[in-house]
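A look at the structure
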Amino acid sequence: MSNENKLPDYLTENPDGSMNVALVRGVLADGGKRMGLTLREPAVSDMLAAEAGGKGAAMSEVTLIANLAEVPPETIQNAKMRDYSRLQEALGFLNG
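The paragraphs below set out a description of the structure included in this document. (Residues numbered from 1 in each chain as written. Predicted model: local features only at pLDDT ≥ 70, side-chain atom pairs only at ≥ 80, totals over all residues. Heavy atoms only, no water.)

Remarks on the nonpolar core
- Grouped together as the largest cluster of nonpolar side chains are 25 residues, with contacts concentrated most on L37, L39, I76 and L87.
- Elements with a minimum of two residues in this core: β2 (19-29), β3 (32-39), α2 (57-69) and α4 (81-95).
- Counting residues per element, this core draws most heavily on α2, at 6 residues.
- What L37 contacts, discounting residues up to four positions off in sequence, is M19, N20, V21, L23, V27, A69, V71, I76 and L87. (Core = buried A, V, L, I, M, F, W, Y, C linked by side-chain atoms within 4.5 Å. Buried < 20%, exposed > 50% of the residue type's maximum accessible area, 1.4 Å probe, protein only. Helix = DSSP H or I, 4+ residues; strand = E, 2+ residues; numbered from the N terminus. Contact = heavy atoms within 4.5 Å.)

This is the structure we're talking about:
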């Protein structure tokens, strides 16, 4: 892996292609606060499903991240921006 593709310390790629994201503030999910989320590797169908709502690019991205993390979109919508930036960065790596 070249330096330009090196993951920051808060992102960890798993053997199955999923990515663990360590969060700064955490999110409320599954009845408690979670300080990390795992995003599974996206398929084209995930992108199409996120765009099907027709609510704009930002909401499509929130929906896609939520689907990959297997949490409701509201969980991602309520994330602090520092954590959302980390999730966006993980999505960028997963998208190649």
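Digging into the packing of α2 against α4
- Contact pair α2 / α4: the axes reach a minimum separation of 11 Å and the direction vectors enclose 80 degrees. What the angle tells us is that α2 and α4 run roughly perpendicular. Touching A58, E61, V62, L64, I65 and L68 of α2 are Y84, L87, Q88 and L91, all from α4.
- Across the contact of α2 with α4, the residue classes tally to 8 nonpolar, 1 polar and 1 charged. (Axes fitted to C-alpha atoms, helices over the stretch in contact; angles between N-to-C directions. Parallel < 35°, antiparallel > 145°, perpendicular 65-115°, else oblique. Nonpolar A, V, L, I, M, F, W, Y, C, P; charged D, E, K, R; others polar.)

That is the geometry; function is a separate question.
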